[in-house]
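Residues per chain are reported as follows:
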2 protein chains.
Amino acid sequence: MTDTLSETFAALADPTRRAILARLAKGEATVNELAEPFDMSLPAVSKHLKVLENAKLISRSRTAQWRPCRLEADTLKTVDGWLGGYRSLWEHRLDRLEDYLATLKTEEKEEQR
Amino acid sequence: MTDTLSETFAALADPTRRAILARLAKGEATVNELAEPFDMSLPAVSKHLKVLENAKLISRSRTAQWRPCRLEADTLKTVDGWLGGYRSLWEHRLDRLEDYLATLKTEEKEEQR
DNA sequence: GCCGTACTTAGCCAGTAAGTTAATTAACCG
DNA sequence: CGGTTAATTAACTTACTGGCTAAGTACGGC
């Protein structure tokens, strides 16, 4: 699993870690703050944070004995980039739906005449 | 890892499986066709396909002894949906970059006077 | 009906992942 | 210095993953 994108996806493949990211989307937080909602030991959360950090999904600074975590959006952006290559596969269908809706609307107007 | 999104991300966390999806983005393919580019036994590929199928990233039909695989874009769409909640985090920065570039352009004009 | 092709299942093994508790490091505070 | 809080590391268990080979199933064709 050496490659970066695999590491990113693997890090995202855990509900606890995604919940941590969701929390961090609202701003920085310390390890204890992040651990609080989970029914899990602190070392377990610490491990999850290490996984997220290695995957560059978060970064950590140091303030006294606290290690505030911050979300690294750029890495999520690369996931978005990967997805981008496939986006047309479902957007085309949406386009067709929109076309269809547009058609309906036109037909409505036609009928009103 | 019971939840769907985790299963999806886990399935995507493997370069072989992502390569298979990339191939399928170009159209249906049989197991042997999909296996061909990989230096890996057929059962190994079969397992990867099972992972992708369980994650609903592909589906399989049956034509004689062939089991053509097809990409299921809807599941990728749900990944896109999840990402959507974070998109503003990097797009804001892009906006600021665009603002900055706009400023530069304006300054250029200012200088031309 | 039997052979070949396409693919899956079974059983095995090595490596990794996710959790635990206990011990350790690091920093501040009195 | 000694105690408290914050967080990590160590050591270990258990479960899953990804690969293999070998055997089994399913189908079409001669």
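Position labels on residues start from 1 in each chain and follow its written sequence. Following the order in which they are written, the chains are lettered starting with A and the ligands numbered starting with 1. Selection of residues for local features in this predicted model requires a pLDDT of at least 70, selection of side-chain atom pairs for listing and counting requires 80 or more, and totals for whole chains, interfaces and linings are taken over all residues. No hydrogens and no water enter the side-chain calculation; it runs on all heavy atoms of the structure.

Asks: Which parts of the structure should I look at to understand the overall build of chain A?
Replies: Tallying secondary structure elements over chain A gives five helices and two strands in all. Residue burial in chain A is summarised as follows: out of 113 residues, 35% are buried. Two residues form a contact once any of their heavy atoms are found within 4.5 Å. Here the analysis covers contacts within chain A between residues at least 6 apart in sequence; of these, 47% occur between residues at least 24 apart. Exposure was quantified through the Shrake-Rupley algorithm and a 1.4 Å probe, taking into account, for residues, occlusion by the shown protein chains and nothing else. Summing over all exposed atoms, chain A offers an accessible surface of approximately 7,100 Å²; the carbon and sulfur share of this is 51%. Each helix corresponds to a stretch of at least 4 residues labelled H or I by DSSP, and each strand to a stretch of at least 2 residues labelled E; elements are numbered beginning at the N terminus. Throughout this description, buried means an accessible area under 20% of the type-specific maximum (1.4 Å probe, protein chains only), exposed means over 50%, and partly exposed covers the range between.

Asks: What is the right way to look at the side chain of D80 of chain A in this model?
Replies: In this structure, D80 of chain A sits in helix α5 (residues 73–112). By relative accessible area, D80 of chain A is classed as buried at 12%. At 2.7 Å, the side chain of D80 of chain A and the side chain of R87 of chain B are in polar contact. Discounting residues that sit within four places of it in the chain, D80 of chain A has contacts with R87 of chain A together with D80, L83, R87 and W90 of chain B. We define a polar contact as two N or O atoms separated by no more than 3.5 Å, with the added condition that, inside protein, one atom must be a possible hydrogen donor and the other a possible acceptor, whereas residues neighbouring each other in sequence contribute only through side-chain atom pairs.

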